[in-house]
Every structure is written in C-alpha cells, then in structure tokens.
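Next come the chains, spelled out residue by residue.
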Amino acid sequence: MALFRLNIEWADNAHNLIVYKYPFKNSGREVNNKSTLTVRESQMAVFVYKGQVAEVFEPGFYKLETHTFPLLSKLAAWQYAFQNPITLEVYFINTKQFTGNKWGTQNPIIRRDPDLGNIRLRGFGQFSFKVDDCGALLKGLFGTNSTFKTEDIVEYLKSLVISSLTDVLGESSLSVYDLAGNTLEFQKEVKNTVQTAFNELGLQLTQFVIENISVPPEVEKAMDERSRLGILGDKTDVLLKVSAAEAMKDAAKNEGMGGAFMGAGVGMGAGVGMGQIVGEAFKAQPAQPAAQPTDGAKCGACGATVPVGAKFCHECGAAMPTKKFCTNCGNQVEAGAKFCPNCGNKL
C-alpha cells in the first residue's frame, strides 16, 4: 500500500468558531507515519479513535509516528510501527477568549430586600469564556458535529449565569442601596458560582461583569422621594403645608362644574385658607420681646437705663439732665459741678 503525505492543520479565519473538525478528503480519515500535524497558538488538536478521545496536542509541529501516540498505539494495537494507515477523527479546539457575550434578565428576579421588602430586580452585563478542558468539552457538549460556534452555546451559558446570579442575590443580605458599593465583591461571588457549572463543560469563565442592577420604575420613584424627604429633614411639615397650598391653587384653576365649585370655594376663602397655612407654619415660633437698651444714663427718678441723647425717661417721663463739658479740657462733667475733675478749671 502506497503511503501518502498529509499535513493536518487549521487556519482559523473565524472569530466565533470554537471547534473545527478536520475534513479528511482524499485520505478518507486515514493517517500514517508520513503525516504531520501543525497546531497553531490558541489551538489544541484532539484525536478521536472509535469515539474515544485518544490524544490531545498543544501548539507545535508533530511528526505522526508511533511514539507520538502512546495511548492511541495502545488502543489501536498497532503491529507494524504505524506502517499501516489508521482511521480516526481530528478536532481542532480554539482556546482563545470569546469576549463581549452579553447577558440580561428576561424576567425579573424576586428578592426579599432587608430595607424594601419583596422587590423585583433586573440586571445586565457581559461575560467572557474560553475552553479549559478539551476532553470534557467534546464529551459533555460538542459531540460529533463538524463545527461548533459560540452561537451554539452562548444562550445556554447565559442561562447558567442568570441562574447563579439569582442564587447569589437570594442568599445575600445586602440591601439594594448597598449593591452599588459592593459591585466588585458581588461579581466575584457570582463568578465563582458560575465557574462551578462551567467546569462540567470544560470551560473557564475568564470575566464576569455586572453593568447594572435596576428596580421597577415605581420603586425607583419612591426611593427618590424617600431620599428627598431625608434631605429636607425637620422641614417636612412645612413642605407638606406648602404642597397643600399649591394643590388648592391648582384646583382653583380647573374648569368645569367640579372646578367651578372648587374655584368658588377657594375664591371665597382663599385669604383665610392661605393665612391659616402660613400661620400654622410659623405658629411654633415664639414672639420675640422688644429690645431693651443696654447703654445710656440712669434715670434719677426710677433708675431705668435711658438711651444716650434722650431728654426724658421712657419709663417714668422724668427729664434727663443735659450734658456739661469743661471749657478748658473738654471733659464731660456732672451737672451742677463747680470745678472740672480732670483739670480743675472753674466751671
């Protein structure tokens, strides 16, 4: 039997191809000791004999001789040092990372939140993966198809991601308010859970990213209102009264029978209503006592402090003595004094 030369190789020109089955043509899936194998970087080659994984080759160039296939030689029970051709299947496995695979929750995840009670959450993000165990991939997922693309498996992987996310969310005691501040820790926990499921498929989850976890619009609106009231603090009572006044003004503007009735009511009592609202808003503020003078002369009649420059006492009405100054030094002296206490000048 004439032996043929055959170089088994795969030039990967597709970005989404995970497994490629080598198409034997003229040789009819037969390999002999004149055959060679070229495995490029980011590839693995798997030889399958009678449905069983026989050999796995890493990147490199191989001459297909008997000693190159210790397990295959044993399975095939070669007697002629690989002189006779042997029929087998060759699969090339792409071991590069497959990135940009998006995941998202089609249905909301129901969770018991410690602050908000039962709540529905949605989330989305991305994940990346690569082949880690070629044998496990062929046995558990791929089978004997001629090609296997990312589209053939991504939907299934998404379901594993969302299932793990639901499990971790359900067991977590974190509130929705705290998830954003613990995103990295949460991603790591979900990734570890997902990896357990990926191991059975011979895959490695190289990256898992949570881009957003959201609540329903009505819950988001309530959270915003709660935050706004928290900022107002002790001014909430005033806010409610002002809101009531604005509602009365809006009701007065309504047209129609109901609006006319409300408008008439507001029109007749608008002044009283607004006065009550404003009055109640400031009702708690006590009246401030009139300011008392702290500087001035003492009244000789009642002893009250009289502002500087006053001619009469504001308490008893007694006349206040006028100021007297020394003609020599300008010092102010008491009324009735005959000499200046500062320079002795006779007044």
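About the thresholds
- Residues numbered from 1 in each chain as written.
- Predicted model: local features only at pLDDT ≥ 70, side-chain atom pairs only at ≥ 80, totals over all residues.
- Heavy atoms only, no water.
- Helix = DSSP H or I, 4+ residues; strand = E, 2+ residues; numbered from the N terminus.
- Buried < 20%, exposed > 50% of the residue type's maximum accessible area, 1.4 Å probe, protein only.
- Contact = heavy atoms within 4.5 Å.
- Areas by Shrake-Rupley, 256 points an atom, 1.4 Å probe, with all protein chains shown as cover.
- Pairing = 2+ DSSP bridges.
- Axes fitted to C-alpha atoms, helices over the stretch in contact; angles between N-to-C directions.

## Focus on the overall build of the protein chain
Piece 1. Summing up its helical and strand segments, the protein chain has eight helices and 18 strands in all.
Piece 2. Here the protein chain holds 347 residues, and 32% of them are scored as buried.
Piece 3. In the protein chain, the proportion of contacts linking residues at least 24 apart, taken out of those at least 6 apart, comes to 59%.
Piece 4. Taken as a whole, the protein chain presents about 21700 Å² of accessible surface, with 52% of it coming from carbon and sulfur.

## Here's the deal with the sheet that holds strand β7 (residues 60–63)
Piece 1. Within the open sheet, the three strands sit side by side as β1-β4-β7. Their pairing is mixed. Sheet topology places β1 (6–8) and β7 at the edges, where each strand pairs with a single neighbour. Sheet twist, expressed as the mean angle between neighbouring strand axes with direction ignored, is 15°.
Piece 2. Sheet topology places β1 next to strand β4 (residues 35–39); three bridges connect them, and they run parallel. Bridge pairing in β4 places N7 opposite T36.

## A look at the pairing of strand β2 (residues 17–21)
Piece 1. Note that β2 and strand β13 (residues 147–149) share three bridges and pair antiparallel. Its bridge partner being in β13, Y20 is matched across the sheet by T147.
Piece 2. The pairing of β2 with strand β9 (residues 89–94) spans three bridges and is classified as antiparallel. Within the sheet, the bridge partner assigned to V19 lies in β9 and is I93.

## Thoughts on the sheet that holds strand β6 (residues 52–57)
Piece 1. The antiparallel open sheet is built from five strands, whose spatial order is β6-β5-β9-β2-β13. Of all strands in the sheet, those with a lone pairing partner are β6 and β13, marking the two edges. Neighbour-to-neighbour, the strand axes of this sheet turn through a mean angle of 20°, independent of strand direction.

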